[in-house]
Every structure is written in C-alpha cells, then in structure tokens.
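Commentary on secondary and tertiary structure
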Amino acid sequence: MTEHYQHRARKRFGQNFLHDAGVIHRILRAIHAREGERLVEIGPGQGALTEGLLGSGAQLDVVELDLDLIPILQGKFGQQANFRLNQGDALKFDFRQLSDAPHSLRVVGNLPYNISTPLIFHLLEHTGLIRDMHFMLQKEVVERLAAEPGGGDWGRLSIMVQYHCRVEHLFNVGPGAFNPPPKVDSAIVRLVPHEVLPHPARDHRLLEKVVREAFNQRRKTLRNTLKGLLDSGAIAAAGVDGSLRPEQLDLAAFVRLADRLAEQTSAG
Ligand code: SAM
C-alpha cells in the first residue's frame, strides 16, 4: 500500500491514518471551513483531512510531532499559500501565537488517542481564543465529554469541559476507516466554547480542585470525599446534600461548592 511505502504508522505517536473517503468527507462537512477563517489541525499525519481543509481557502496551521512526516507534508502542501507547517508537540504548542482575536481560532484533528485528554485540558486554557473544536476521539471519551449527571460516564472530564464548552457528539466511526485499524470505536465531537459561561465559578482552579477531590473516590459520599476541603456545614450551605455521591451532582452544584470553598479561603 502507498502509505506503507511512504511511511510506516507508529504506535507511540498514536498513528491511525484515515483512509475512508466517505468518513473524511463527512468530517470535512461537519467542520465546514470557509475562506478567511483561521484553522489549526493537530496531528495532520499524511494529510487525509489537510487536503480538504486547505481546499476551503481557510488559513491552516498544522502541528505535527513526527519528524518523518514533515517532508511528506511539505511535499504535498508546501506550495500552497494558506498552509503553514509547525513541527512540535501540540501539548506544548502556544495557540496564542496563531490569533489574538477572541473566539477566532478553529481547532481540528484526528487526535492521537494517547494524548487526547491532556490536549483537551491544554486547549481549555485558551477557550477565549477558540471558536470551536472538532476532534476524532475514542468513542468512550466522547461519551464522557457529552455525559449527563447521574451515570458512570459523568466525571472530571465531562464537568471541566462542559464548564467551558457546549458539547455535541456528532457521529461514530468504526475501526475500518483507519489504517491500521485501532482496537476501539471512534467518534467525532464538536466543542464550542461558551461566549458567556452559564455557571461561572469565582475561581475555576477551585472548581478543578473540588471536582478532582470529589471524583478521586467516586463510590464515596461527598461528605467523605470532600472532608479535607469542606465540612458538612459548608456543603449544606452550598445547597448540596452531603450524602450524595459525586456523580449525582450537576455542574451548577459543583460550582456552588467551589464558590463556598472560595469564600472559606478568602475568610480564613
Ligand atoms: N490526521 C491524520 C489522519 O486522520 O489520517 C493522522 C491522525 S493520527 C490518529 C494522529 C497524528 O498525530 C499522527 O500524525 C501523529 O504523528 C500525530 N501526533 C502524535 N502525537 C502528537 C503530538 N504530541 N503533537 C502533535 N502531533 C502528534
């Protein structure tokens, strides 16, 4: 196969290259890039999505870690004026260098699954810059991103992403669309940063702290897991029943707990 001849997929870089034209087309349609827009593609690989993205006339920066793919990408797209190649680790990439206009940057990628969660957390630090994000992820991760309170999928990832973004699980993609096929099902998700946060916390770092602590032991009651941060009186004062388990609380309730902690911290 041509891909094998040009480049052998590397497991350590999470390389599963898209080869199904129907799936590629469907992803490009969901992104719907337009001329003049500012896009960044994470992990372009051999350019399965890159080609269509460039065809839209949008300005496209790509961030690719694998040095062996750089000449392949440069050879395929280097002549196009709207293409810019950045070699490096997307986890360390400073997205602020691409745009300073609020909510202007569109981020896309068939992500390497081994870094998808840390990468999403990295991007959440720049939501003020980002208009939207379209990612191919492990289906299980998309289910956690789009989860609602009350079930096993609801946790730290759902809460912190939904604090910043509206989440849409767009469609699923089977392993056969990739070369080599991954062992898991995949899905496309759209994340749209809120222009105005629906449940703003006084200090979002305290929200992260409360959520992390609460889900450290998800089977225990909040009274137990939050012992080190908030006592039962403080939990009740936030309007939360301390006998519940963390997965039973919605985002608004976690924000009330974080705000209680903020008050306690500033008072003490
Ligand atoms: N977009 C291509 C496609 O759909 O065929 C490739 C997708 S493949 C799942 C993931 C890509 O991300 C690979 O090209 C891999 O080399 C690249 N990659 C892995 N880790 C990366 C990182 N930390 N930063 C940037 N790119 C990375």
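Rules used throughout
- Residues numbered from 1 in each chain as written.
- Predicted model: local features only at pLDDT ≥ 70, side-chain atom pairs only at ≥ 80, totals over all residues.
- Heavy atoms only, no water.
- Axes fitted to C-alpha atoms, helices over the stretch in contact; angles between N-to-C directions.
- Helix = DSSP H or I, 4+ residues; strand = E, 2+ residues; numbered from the N terminus.
- Left-handed = near helix turned anticlockwise from the far one by under 90°.
- Contact = heavy atoms within 4.5 Å.
- Nonpolar A, V, L, I, M, F, W, Y, C, P; charged D, E, K, R; others polar.
- UniProt positions renumbered as here; feature names shortened; annotations may be inferred.
- Phe/Tyr/Trp six-rings, centres within 6.5 Å; stacked < 30°, edge-to-face > 60°.
- Buried < 20%, exposed > 50% of the residue type's maximum accessible area, 1.4 Å probe, protein only.
- Lys NZ or Arg CZ within 6 Å of the ring centre and 35° of its normal.
- 1 Å grid on protein atoms, 1.4 Å probe; cavity = no way out; pocket = protein on both sides within 12 Å on 5 of 7 lines; lining within 4 Å.
- Points joined across faces, edges and corners; volume = space filled by probe spheres on them.
- Pairing = 2+ DSSP bridges.
- Right-handed = clockwise from strand over helix to strand, strands pointing away.
- Salt bridge = Lys/Arg side-chain N within 4 Å of Asp/Glu carboxyl O.

1. Side note on the packing of helix H8 (residues 204-216) against helix H11 (residues 251-267)
At their nearest, the axes of H8 and H11 sit 8 Å apart, and the two run at 115° to each other. When you trace H8 past H11, the crossing you get is right-handed. Each of Leu 206, Leu 207, Val 210, Val 211, Ala 214 and Phe 215 in H8 lies in contact with H11, whose residues at this interface are Phe 254, Val 255, Leu 257, Ala 258, Leu 261, Ala 262 and Thr 265. Partitioned by chemical class, the residues of the contact of H8 with H11 number twelve nonpolar, one polar and no charged.

2. A word on the UniProt feature "domain: Ribosomal RNA adenine methylase transferase N-terminal" (unreviewed entry) in the chain
Mapped onto this structure's residue numbering, the UniProt feature "domain: Ribosomal RNA adenine methylase transferase N-terminal" (unreviewed entry) falls at residues 23-195. Along residues 23-195, the helical share is 28% and the strand share 29%, with 30 Å between the first and last C-alpha atoms.

3. Quick notes on the packing of aromatic side chains
Counting across every chain of the model gives three aromatic pairs. Aromatic side chains Phe 93 and Phe 95 sit 5.1 Å apart centroid to centroid with 75° between the ring planes, which places their arrangement in the edge-to-face category. As far as burial versus exposure is concerned, Phe 93 and Phe 95 are alike and both buried. A centroid spacing of 5.8 Å and a plane angle of 35° characterise the contact between Phe 215 and Phe 254, whose relative ring orientation is tilted. Pair noted here: Phe 215 is in helix H8 and Phe 254 is in helix H11, with a separation of 39 residues, a long-range link. Note on accessibility: Phe 215 and Phe 254 belong to one class, buried. Sitting above the plane of the Phe 13 ring, Arg 12 keeps its charged end 4.6 Å from the centroid.

4. Thoughts on helix H5 (residues 116-124)
In an α-helix, one turn spans 3.6 residues, which is why side chains three or four residues apart end up on the same side. A large share of H5 lies buried, amounting to seven of its nine residues. Buried within H5 are the following residues: Ser 116, Leu 119, Ile 120, Phe 121, His 122, Leu 123 and Leu 124. Those residues of H5 that are buried are in contact with strand E2 (38-42), strand E5 (105-110), strand E6 (130-138), helix H6 (139-145), helix H7 (156-164) and strand E7 (165-173).

5. Concerning empty space enclosed by the protein
The full count for this structure, using the stated rule, is one cavity of 30 Å³ or more. In terms of lining residues, the largest cavity is bounded by Ile 27, Ile 31, Leu 49, Val 108, Gly 109, Asn 110, His 134, Phe 135, Met 136 and Ile 188. Secondary structure elements with two or more residues in the lining of the largest cavity: helix H2 (21-31), E5 and E6. Classifying every residue of the lining of the largest cavity by side-chain character gives seven nonpolar, three polar and no charged.

6. With respect to the pairing of strand E4 (residues 83-87)
Where strand E3 (residues 59-64) meets E4, five bridges bridge the pair, whose relative direction is parallel. Pairing of Glu 64 across the sheet is with Gln 87, part of E4. Once the chain exits E3 it traverses helix H4 (residues 69-77) before rejoining the sheet at E4, and the crossover so formed is right-handed.

7. Description of the sheet that holds E2
Spatial strand order, E4-E3-E2-E5-E6-E9-E7: seven strands in an open sheet with mixed pairing. Strand pairing shows two members of the sheet lacking a second neighbour, E4 and E7, which therefore form its edges. Ignoring which end each strand starts from, the neighbouring axes of this sheet average 20° apart.

8. Here we look at the environment of Gly 36
Within the secondary structure, Gly 36 sits in the loop between H2 and E2. Considering only alpha carbons, one finds Gly 36 and Ser 56, 20 residues apart in sequence, at a separation of 9.0 Å. Apart from the residues lying within four places of it in its own chain, the contact partners of Gly 36 are Gly 57 and Ala 58.

9. Description of the pattern of salt bridges
Under the defined criterion, the tally for this structure stands at 16 salt bridges. A salt bridge links Arg 38 to Asp 61, with the shortest nitrogen-to-oxygen separation between them at 2.8 Å. In this pair, Arg 38 sits in strand E2 while Asp 61 sits in strand E3, placing the two residues 23 residues apart along the sequence. A relative accessible area of 2% means that Asp 61 is categorised as buried. Here Asp 203 and Arg 205 are joined by a salt bridge, their closest N and O atoms 3.3 Å apart. Classification of Arg 205 as exposed rests on a relative accessible area of 56%. One salt-bridge network, held together by shared partners, links Glu 37, Arg 106, Arg 131 and Asp 132.

10. Brief notes about the UniProt feature "binding site: S-adenosyl-L-methionine" (unreviewed entry) in the chain
Mapped onto this structure's residue numbering, the UniProt feature "binding site: S-adenosyl-L-methionine" (unreviewed entry) falls at Asn 16, Leu 18, Gly 43, Glu 64, Asp 89 and Asn 110. As for the annotated residues, the ones lining the largest cavity are Asn 110. Note that Asn 16 resides in the loop between helix H1 (2-6) and strand E1 (17-18). Discounting chain neighbours no more than four positions away, the residues touching Asn 16 are Asn 110, Phe 178, Asn 179, Pro 180, Pro 181 and Pro 182. For Gly 43, the location among the structural elements is in the loop between E2 and helix H3 (50-55).

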